[in-house]
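Residue-level structural notes
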Amino acid sequence: MRTVLEENPSDLSPDPAAVWELRLYVAGQTPKSITAFSNLKRLCEEHLAGRYKIEVIDLLVNPKLARDDQILAIPTLVRKLPDPIRRIIGDLSDTERTLVGLQLRPRRG
Amino acid sequence: MTSPSLDELLRENEELRQRLDEAESTIRAISGDEVDAFLVRRGSEDHVLVLDGVDRPYRLVIDQMQQGAATLTADGTVFFANPRLAELLEAPLSSVIGSRFSDHVAPADRVGVETLLAEATGRNVACEAEILRGDETFPAALAASPLLGPEGVVCLLVTDLSQRKRQELERERLLEEQVARAAAESAAAALREADRRKDEFLAILAHELRNPLGPLRNGIQLLGLSGPLQPEVRDTHEMMSRQVENLVRLVDDLLDVGRVTRGVIKLRKQRIDARLIAQRALESCRDSISQRDHQLEVALSGAPIPVEADLVRMAQVVINLLKNAAKFTPRGGRILLAAERDAETGQAVIRVRDNGQGIEPAMLSKVFDLFVQADSTASRTEEGLGIGLTLSRHLTELHGGTLRASSAGLSRGSEFEIRIPLAAAEEPSPPHLGSAEAGPAKPLRRRVLIVDDNRDAASSLARLMKFWGHEVREARDGATALAAAEEFRPELILLDIGLPGMSGYEVATRLRADARFREVRVIALSGYGTEQDQARSRAAGFDGHLLKPAELGQLEAILASLPSART
């Protein structure tokens, strides 16, 4: 029996044709910032090849930009498009959790 | 009150869940060590707090770089320093931090550095200064620049220049060495050239001087041989004779110097008694010594002192030493001439000691140098070219011996010691009659042809020969000589090499080619006496080679050696 959740439209994979806009907030060259970035790239190449855009925002350079997306901990990945905005905190080493967070993989019940 | 619809509730639920998810994942990320920076609001400003690592690359640079780095507050205190600075100062880092930087600067440079640091709050500045390291200092380059932030904070870089300075000094030293070497080489080359030119000049000079000396000497000899002289005339004659001999000796010396230094002089060594050398020398010097009222002491060993030596040359050396002793000792001095045998070292020792003006320690090594005179002022009483000691030493060395000078100092006299190896024990033979011994004229009347384009030379020689009872003809050139030879059939031909037209060599060659003159004794007369010149004479067919001016003894010996008269 499928749960209500599984039927939640927000759990469904978004339109495959849309270009994803991803924003990665980093703090200069901290180890985790670097790790997050390389993980993100790898992931995008695997699952979103040809239809993604990554913007890297260095909060060390301009901390004010954190307000846009209410960033607290760094690094943080924000999916701006497609809707809705999704936020994933951390260095993205847990690929499973990252994909689920990006709605590229359904959440296991 | 409207109750929310199921959809609305579901949406709200979803939102809440998402927010919860986020909150949970944020906490999880933090506690799971997945983040290393936070955004923090201070007042109205946002700041990023970094846990670790963002400055690692920069920190690494500061820690590892070659320079010492420090941050100084406005009053010059070090509040940060990298380990390298502590290393450079050879002080613990903990003591460097909190110290005044200028306390580490050498006192002489301290004010300069403090001024520099004061300027550094406004712009980048640099200077060099000596920095204290333990008990020593090292040269350092200081670069200071203002740090953004609190007023007066300065970033300072300290570079150790000791290595660079050492390298610079080394490079300079090498360069100086190179320059000095180049200078020395070119100086040596210049000296060699000057030396060569001097030798050439001396040879030419000596050669030129021999020409007038021949007639002069012959003439004076003739004067002496023509019968007893009036007392006044006799004194003058003796003086002229002495002076001409001096001239001849000087010219010989001039040439000898060149020859000796070129290693060309040929010794005529024989077994002789070294005491004979001393005696021979004394004969030539008695006048010089007595003229200055010196007391002479002669100490010759009672036993023979056999040596292999050229009597004439070694006597020259001793004469030189005796004459110097006489010259450089004030009137009424004492001179000792000793000859002894040093069995221990196997050497014959001839010593000349005087109680005269002595030799300065600084001059002792220089007295044997060429053209050095201990006394070149007007007080010189006798002539001399200053080649005596150089020549004397060379001649002694050619005998395998040494000539040394010693002196207790100015006015304390001097001693010159000749040492030459003893010959193996054997009876020394009497000296060869090849040297300048005057003897009675030989009775046999010989036919002598004298060929010389110089009229005085030819006629003076001819007169001498005639005086000795010989029949003499003269010729002025090669052609006349050959004609005279044919007609006169001389037994002895004295042939000047330097003839106009046909040279003496050619005349000799022609004579030799003619069977009629094969037995004639043909002797060359030349201003040049080197080995090469003598060899050339021999090759041209000469039987002998005399150096002008020919010594009487040599001429007599030649005449005596002619075979019995034939018609």
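Here is what the cut-offs are and how they apply
- Residues numbered from 1 in each chain as written.
- Chains lettered and ligands numbered in written order.
- Predicted model: local features only at pLDDT ≥ 70, side-chain atom pairs only at ≥ 80, totals over all residues.
- Heavy atoms only, no water.
- Helix = DSSP H or I, 4+ residues; strand = E, 2+ residues; numbered from the N terminus.
- Buried < 20%, exposed > 50% of the residue type's maximum accessible area, 1.4 Å probe, protein only.
- Contact = heavy atoms within 4.5 Å.
- Areas by Shrake-Rupley, 256 points an atom, 1.4 Å probe, with all protein chains shown as cover.
- Pairing = 2+ DSSP bridges.
- Axes fitted to C-alpha atoms, helices over the stretch in contact; angles between N-to-C directions.
- Core = buried A, V, L, I, M, F, W, Y, C linked by side-chain atoms within 4.5 Å.
- Salt bridge = Lys/Arg side-chain N within 4 Å of Asp/Glu carboxyl O.
- pLDDT = per-residue confidence, 0-100.
- Patch = residues over 30% accessible without salt bridge, like charges linked within 9 Å, V, L, I, M, F, W, Y side chains within 5 Å.
- Lys, Arg positive; Asp, Glu negative; His and termini not counted.
- Charge placed at Lys NZ, Arg CZ, Asp CG, Glu CD.
- Parallel < 35°, antiparallel > 145°, perpendicular 65-115°, else oblique.
- Nonpolar A, V, L, I, M, F, W, Y, C, P; charged D, E, K, R; others polar.
- Left-handed = near helix turned anticlockwise from the far one by under 90°.

**Observations concerning the overall build of chain B**
Along chain B, the regular secondary structure elements total 16 helices and 19 strands. Per-residue burial for chain B yields a buried fraction of 42% across its 567 residues. Long-range contacts, defined as pairs at least 24 residues apart, comprise 64% of the intrachain contacts of chain B with a sequence gap of at least 6. When the accessible surface of chain B is split by element, carbon and sulfur atoms take 53% of a total near 31100 Å².

**A word on the overall build of chain A**
Along chain A, the regular secondary structure elements total 3 helices and 5 strands. Taken from N to C terminus, the helices and strands of chain A fall in the order α-β-α-β-β-β-β-α. Looking at the 109 residues of chain A, the share that counts as buried comes to 41%. A sequence separation of at least 24 residues applies to 61% of the contacts in chain A between residues at least 6 apart.

**Topic: the sheet that holds strand 5 (residues 86-89) of chain A**
All names here are of chain A. One open sheet holds the 4 strands; their spatial order is 2-1-4-5, and the pairing between them is mixed. Two strands lie at the open edges of the sheet, namely strand 2 (52-58) and strand 5, each paired on one side alone. Each strand axis lies, on average, 20° off the axis of its neighbour in the sheet, ignoring direction. The pairing of strand 1 (residues 20-26) with strand 4 (residues 76-81) spans 5 bridges and is antiparallel. For Tyr25, the partnering residue across the bridge sits in strand 4 and is Thr76. Contacting strand 1, strand 2 and strand 4, helix 2 (residues 31-47) runs over the sheet at an angle of about 175° to strand 2.

**Some remarks on the nonpolar core**
Residues and elements named next belong to chain B. With 39 residues, the main nonpolar core has Ile277, Val307, Val318, Leu322, Leu337, Phe416 and Ile418 as its most contacted residues. When residues in this core are grouped by element, the largest group, 9 residues, is from helix 9 (residues 311-327). Membership of the second largest hydrophobic core comes to 25 residues, among which are Val78, Leu85, Ala86 and Leu142.

**Side note on the interface of chain A and chain B**
Opposite the 29 residues of chain A that make contact, chain B presents 26 residues. Between the two partners, chain A and chain B, sit 3 salt bridges. We note a salt bridge from B:Asp33 to A:Lys32, for which the minimum N-O separation is 3.7 Å. Both strand 3 (residues 73-74) of chain A and strand 1 (residues 37-42) of chain B contribute to a ladder of 2 bridges, which runs antiparallel. The residue of strand 1 of chain B that forms the bridge with A:Ala73 is B:Phe38.

**A look at the confidence of the model for chain A**
Taken as a whole, chain A shows an average pLDDT of 81; of its residues, 83% reach a score of 70 or greater. Helix 1 (residues 4-7) of chain A is the least confidently modelled element of chain A, averaging 35 in pLDDT, while strand 4 of chain A averages 94, the highest of any element.

**So, unusual backbone geometry**
Look at the link from A:Leu81 to A:Pro82: it is a cis peptide, with omega at -5°. For the bond from A:Asp83 to A:Pro84, the omega torsion is -15°, close enough to zero to count as cis. You can see A:Pro84 is positioned in the loop between strand 4 and strand 5. A positive phi angle is found at B:Arg489, which is not glycine, with a value near 50°. Tracing the sequence through the fold places B:Arg489 in the loop between helix 13 (478-488) and strand 17 (492-496). B:Arg489 sits in the partly exposed class, given a relative accessible area of 39%.

**Some details on the pattern of salt bridges**
For the structure shown, the criterion picks out 40 salt bridges over all chains. A:Asp69 is the salt-bridge partner of A:Lys80, the closest N and O atoms lying 3.0 Å from each other. With A:Lys80 in strand 4 and A:Asp69 in the loop between strand 2 and strand 3, this residue pair connects regions lying 11 residues apart in the sequence. Residue class for A:Asp69 comes out buried when judged on its relative accessible area of 4%. In this structure, the salt-bridge partner of B:Asp273 is B:Arg275, at a minimum N-O distance of 2.8 Å. Overall, B:Asp273 belongs to the buried group, its relative accessible area being 12%. Through salt bridges with shared partners, a single network forms among B:Glu340, B:Asp342, B:Arg351, B:Arg353, B:Glu415, B:Glu417 and B:Arg419.

**What about a negative patch on the surface?**
Taken together, the side chains of B:Asp7, B:Glu8, B:Glu12 and B:Glu15 present a region of like negative charge at the surface. In this structure B:Glu12 comes out as partly exposed when scored by relative accessible area, which is 47%.

**Quick look at the sheet that holds strand 5 (residues 125-133) of chain B**
Residues and elements named next belong to chain B. One open sheet holds the 5 strands; their spatial order is 4-3-7-6-5, and the pairing between them is antiparallel. Two strands lie at the open edges of the sheet, namely strand 4 (78-81) and strand 5, each paired on one side alone. Strand-to-strand, the axes of this sheet are offset by a mean angle of 30°, without reference to chain direction. Where strand 6 (residues 136-146) meets strand 7 (residues 154-160), 7 bridges bridge the pair, whose relative direction is antiparallel. Bridged to Ala141 within strand 7 is Thr159. Those strands touched by helix 6 (residues 162-225) are strand 5, strand 6 and strand 7, and its axis lies near 120° from that of strand 6.

**Overview of the confidence of the model for chain B**
Residue and element names in this part refer to chain B. Of all residues in chain B, 88% have pLDDT values of 70 or greater, and the mean over the chain is 83. Here helix 7 (residues 231-261) is the element of chain B with the lowest mean pLDDT, 76, and strand 12 (residues 347-354) is the one with the highest, 95. The model gives residues 376-383 a pLDDT under 50, and that stretch makes 10 contacts with residues more than four places away or in other chains. Predicted confidence for residues 432-442 stays below pLDDT 50, and this span has 17 contacts to residues more than four positions away or in other chains. Per the prediction output, this complex has pTM 0.36; the corresponding ipTM is 0.77.

**As for the packing of helix 14 (residues 504-513) of chain B against helix 15 (residues 531-540) of chain B**
All names here are of chain B. Contact geometry of helix 14 with helix 15 gives a least axis separation of 8 Å together with a crossing angle of 30°. Compared by their axis directions, helix 14 and helix 15 come out roughly parallel. On helix 15, the residues that touch Tyr505, Ala508, Thr509 and Arg512 of helix 14 are Asp533, Arg536, Ser537 and Ala540. Here the residues of the contact of helix 14 with helix 15 sort into 3 nonpolar, 2 polar and 3 charged.

**Describing the packing of helix 13 of chain B against helix 14 of chain B**
All names here are of chain B. Between helix 13 and helix 14, whose axes approach to 10 Å, the crossing angle comes to 25°. With respect to helix 14, the axis of helix 13 lies roughly parallel. For helix 13 against helix 14, the interelement crossing comes out right-handed. Only Val507, Arg510 and Leu511 of helix 14 make contact with helix 13, whose side of the interface consists of Gly478, Ala481, Leu482 and Ala485. Grouping the constituent residues of the contact of helix 13 with helix 14 by class yields 5 nonpolar, 1 polar and 1 charged.

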